[in-house]
Every structure is written in C-alpha cells, then in structure tokens.
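A closer look at the structure
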Amino acid sequence: MIVGIDLGTTNSLVAVMDGTAPRLIPNSLGEWLTPSVVGIDEDGGLLVGGTAKEYQVLHPEACVGLFKRSMGVNWTCTLGGRKFTAVELSSLVLRSLKEDAEAELKHPIDRAVITVPAYFNDDQRRATMRAAELVGLKAVRIINEPTAAAIAYGMQDSESEKVMCVVDLGGGTFDVSVLEIFDGTLEIRASAGETFLGGEDFTTALTRWVLGERGIVFERAEMETPTLVSRLRKECETAKRTLTSQESATLRIPNEAGEFNDDSPVVIVTREQFADCTQRILERIDIPIRRALGDAKVKRADIHDVLLVGGATRMRSFIDRVMELLGQPPRCGINPDHVVALGAAIQAALIEQNKAVDDLVVTDVAPFTLGVDSCRIIGSEEKSGYFFPIITRNTTIPTSRTRRVGTMHANQTVVRIAVYQGEGRMVEQNLSLGEFMLEGIPKGPAGQAVDIRFSYDLNGVLEVEATIVATQKKATLVISRHAKGMSEAEIRKAVADMQALKSSPREEAVNRHLLMRAERLYQELPISERDRLDDLLTGFESALEENDTAAIALFRSELEQFLNLFDRGANDADHDGEHWT
C-alpha cells in the first residue's frame, strides 16, 4: 500500500485510500496534524510532533521548526550537541508519520506519495526524496501541493467541466495553480508561488508589532530573551486564529523570563490592527496569482471556482485579498488543513491503479523553465552565460522537447552542456543542475548541428540527451532523485544515524506530550488554579512511575479535561473533516 504524505512547514499529515475514498491516519496522540517540530530533551531523547512543539515553548533553544524552508540548501542547526540538516529533521517527521501509518494499518509501509510546494526547485525536491530514503520510504511520486488539493476536489467534481484556481497558503509557503476539469481529466494549466511566504510570517509580524508597541526590538529580543519571544509567539498564534472568527483578540505579554503572572500586561488586537501590521506580507500573494493566470492564459472571469488550501487561508484579510484579486468569494469544501494529504492519497491510488479512481486522469506542469548555457555574438565579441530554454515553465508533464544548437567555432569537436533551472535571462541567475561533455563532433565550419533533448517526468526527473546530428553520436545526463554530494557510504551512515536517535514508544509519547503540555500551562495559569494542576500532575507521574495502568488512564483523563478547560490553544479544529467530505 502506498500512503499519501503532506510534509508541511508547520504541520504534516498522512492519509490512505480506504475503499472508495481517502482518509487521514491519526498520530499517536489521536490527532490528524503532526507539528513539523523536532527537539532533543535534557536526557538526549528525541521529541517529534506535538510533544516537541509543547517543549519548544519553554525550551526554544532545544527545538526547531520551519526547517522545510531550508530544504536543498547548506543549512544546519544544533540540537543536543549534534548538528542536523533540514533533510535529517524532515526525515524524523517522516519517520513519525510512517510509524503512525504502520500502527494504524497493521503492516509495514515503505512507499509514499509526498507533496511539496509547487515552486520547490530541483534541489528542494531531491532533498525531500532523500529525507524519505533515510527512513526507509521510497517516494514513488513527488507532487505539487496545489495539485494534490486539486486532485481531491477533482475527484468530487470529476463529471464537471470547469476552470478552477487553487490558492494554497500553508505555514511556510504560498502556491497558486490554475486547472481545468473535463471528461474525467484534471489538467494543471499553470502554477506559481513563493517558498518563503506563509502563515508563520503573519504570526511573526504580529509578534514583532506587539513587541514594537512596547519599545522592544524583535531581533534583539530573540537573542536576549528567547523564551519571552517563544511564549509571546504562541499567544500571537492563538490571537491570529481567534481573529478568523472574531473582531478582536486578547493576548498576554510574558516577562523577560517568559513567565506569566496574575498581573501580566494584556493587549487587545483588532482585525484592523492585524491587517495593518501584516499588509506588506499579504501583498506578496498578488504577483504569483497574476503570473499563474497569465501563464494559463485565462482571465479571472473564466474561473468558475476559487479553492482555499492551507490553514492560513482562514485569515479574514487573506480571504478579502483573494476576493479582490479574483473577483469572487473563495470556497472551502474540504478542510484546508487536510485536503493536500487527502489528494496525495488519491494520487497514491492512481499509481496503484485502484479501481476507485479508474475514471480520473491527472496531468501536472513543470514549475520552472529548464534550459542550457549558451553563447551569443554581441557586436564583435563572443559572450557566454545566456540561458537558452528547452522546456518552459508550466509546460504539461511528462514531456520531451528538442532544440537544435550549433558549434561556435570552426573545427570545434567538443561542446559543454550545462543544465540550469529558473527564469533568469542569464544562467548565473538560475540554479545549476549539472553538466556533461559531448565529444567527437566532426571538424568543419562553425555551426555544426547538435540536438539537445530534455525529457521531464512526473517525479521531476530530468534526462538530458545531446546528439551530434551528423553522426548520431549521443551523450546523456540523468538528473534524478539522488541528492548531490552524498556517496553510498555517506547515505548508509546517515540512515544509521537516524535509526540511532532515541524515540519514545507510541504510548509513552502520549504521556510525555500530556506532561509537557501540563508543565507549559502551569506557568500560564492563575496562582489559584495551580494547586489543582499540581495535584493532577503528581498523581499522574506517580502512576507512571508505578506502571499502574488503571491509575494512568484515570489521571490522564482528568488531566486532559483540566487542560482543555484552561488551555486556549487546545480547541483548534484539528479533528474537523477527518474523513472524506
């Protein structure tokens, strides 16, 4: 069985095709969303997901999130005295999802469809595949997040004929795709986006504004009082969610130690203030939307439905902006937090040739232009470094395109084929994917013909073939899922390192999450309520120490009731729409 995984910036999910419809798989805490957060506790134990997110509030230096934004680049962070790359951190989240799926489905899972932002480049996609490989998962398909969402909606509307625009604002990335449904076929017409724009940026902007109102510089506070920023950020995240349904929200400001007291200052934030302090961030959605419509050659009047994907699309200011840009109110028929994972599960069913999706055909597009380095004669000078496109962005894939070029000099017998990805006019503005040499060109005048063929598949694997027209001699470069710079020995070592990290059993993870959530809330409670929580914590810890199953269940139930009563962040709609709707 192939599962579908939404490996998100702030939250990740796993889903599977169940009969005729996809469904989400709960994690060890019984929740659909697994926070994409990793931490190392004081004993060197690994924390992933909700437990790590709770631990991060009080120990921000021991946890890390948002590492998806660093996929495919030379970035590391240090946790517990050890350096981690974004690939390794992502692999730990994937391992957690894999274990959840295996526990639910009662058999091993080794294949997955994994989603990525539409505007992820080749390095970022390969890094995602490498993260899966480190935990024994084969990424049988990497698909764009808005494409996955479109598949979920397309399965529901497979008999319709319409043009839809999917607007996807997740925790860390923004994508927009224009697609058309006709005769059971879902065709992606164009995609655009930005990999450094998401809901977390809105939370950061609100946190910065609240601190600025008190004369505190955000960057300095992050360095000098990180726990204060961490606690305030959680308050701002809760306020941001509250503002999706209410005109104002109240948040408390912790002291420099990150603690709340009965006399902690209180700030009331209105929707208007939130919109003002996030306006510049919100404006960044304009260009990708216009680019996608332009590439798809559609006007906003041609669009039948605008679909919202990603939890951050619940913001009122975002909805208003989308309405302004696209001329109609967007809709959200499937939970925006869940729809990408559900679509990935349907894509997995397509790969498995599941009869439930026999009538659905899906195409996708190349997110970036692909081409080669070329030379030009400018005046009397020869200049190299010009980007020569072979496959343009938003070309339907899989595809194969051939362009003919010629040698620059008389008697030139060798040509260097340097492959790039991007939209810049010069190759230095684009991403280098690799290069190879084509040798054996017959001597003769300049302009000896060479055909360059690019073949690009649905996984983003690119094969580049250069052919000497006169002799039909070929040279080939396959730019595939294998990450650059890692030998087989290095891969084996990385896998072993991932396995060596201590991970709690599923049952223990539930208890640890509850303890950390309670410890975090203890510091937020009024003094008058702390004694009751202290009693519950003591009883729960004693039951765990004695391994008293009945007492553990009793105290766990009472603790959860108490925490749900006082924890303002506990009432998220995480369980809404968990099944196909």
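Before reading further, recall that the structure is shown in the block above.
Everything in this summary refers to the structure shown in the same document. Along each chain, residue indices are assigned from 1 in the same order as the chain's sequence is written. Since the coordinates come from a predicted model, pLDDT governs what is reported: local features require at least 70, and pairs of side-chain atoms require 80 or more to be given and counted, while whole-chain, interface and lining totals use all residues. To get the side-chain values, all heavy atoms of the structure are used, and hydrogens and water are removed first.

**Here we look at the overall build of the chain**
The helix and strand labels rest on DSSP assignments: H or I over at least four residues marks a helix, E over at least two residues marks a strand, and numbering proceeds from the N terminus. A tally of regular secondary structure across the chain gives 16 helices and 27 strands. Relative to its length of 581 residues, the chain is compact, with a C-alpha radius of gyration of 26 Å against a globular reference of 25 Å. Remark: exposure states derive from per-residue accessible area (1.4 Å probe, protein chains only) relative to the maximum for the residue type, with buried under 20%, exposed over 50%, and partly exposed in between. Per-residue burial for the chain yields a buried fraction of 57% across its 581 residues. Two residues qualify as a contact provided that any one of their heavy atoms is within 4.5 Å of a heavy atom in the partner residue. Contacts in the chain between residues far apart in sequence, at least 24 positions, make up 67% of those at least 6 positions apart. As displayed, the chain has an accessible area near 25000 Å², and 47% of this comes from carbon and sulfur atoms. Note that His is not counted, nor are the chain ends; the positive residues are Lys and Arg, and the negative ones are Asp and Glu. Positions of charges follow a simple convention, taking NZ of Lys, CZ of Arg, CG of Asp or CD of Glu. Charge-centre separation for the chain: the mean point of 64 positive side chains lies 7 Å from the mean point of 87 negative side chains. For the radius of gyration, the atoms used are the C-alpha atoms, and the globule rule reads 2.2 Å times the number of residues raised to 0.38. Per-residue accessibility takes into account occlusion by the displayed protein chains alone, with areas from the Shrake-Rupley method and a 1.4 Å probe.

**Regarding the nonpolar core**
Here is a general trend for soluble globular proteins: nonpolar side chains tend to be buried in one another's company. To define a nonpolar core, start from buried Ala, Val, Leu, Ile, Met, Phe, Trp, Tyr and Cys residues and group those joined through side-chain atoms within 4.5 Å. Judged by nonpolar contacts, the single largest core of 48 residues is most densely connected at V167, L251, I285, F318 and L326. With residues near it in sequence (within four places) discarded, F318 still touches V167, L169, F174, L282, I285, L308, A312 and T313. Counting 40 residues, the second-largest nonpolar core is a separate cluster that includes W32, V309, I346 and V362.

**Focus on the packing of aromatic side chains**
Two rings belonging to Phe, Tyr or Trp (six-membered ring only in the last case) form a pair when the distance between their centres is within 6.5 Å. Interplanar angles under 30 degrees mark stacking, angles over 60 mark edge-to-face geometry, and anything in between is tilted. Under the criterion given, the structure shown has 2 aromatic pairs. With 4.5 Å between their ring centres and 40 degrees between their planes, Y119 and F368 make a pair best called tilted. One end of the pair, Y119, is in the loop between β10 (111-116) and α3 (122-134); the other, F368, is in the loop between β18 (361-365) and β19 (370-378), and 249 residues separate them in sequence. Neither residue differs from the other here; Y119 and F368 are each classed as buried. With centroids separated by 6.4 Å and ring planes inclined at 80 degrees, the aromatic side chains of F174 and F318 adopt a geometry described as edge-to-face. One end of the pair, F174, is in strand β13 (residues 174-182); the other, F318, is in helix α11 (residues 316-326), and 144 residues separate them in sequence. Comparing F174 with F318 shows no difference in burial state: the two are buried. Cation over ring: K68 sits above F120, and NZ or CZ is 6.0 Å from the ring centre. Ring-over charges, as used throughout, are those where CZ of Arg or NZ of Lys falls within 6 Å of the ring centre and within 35 degrees of the ring normal. Lying over the aromatic face of F260, R252 brings its terminal NZ or CZ to 4.2 Å of the ring centre.

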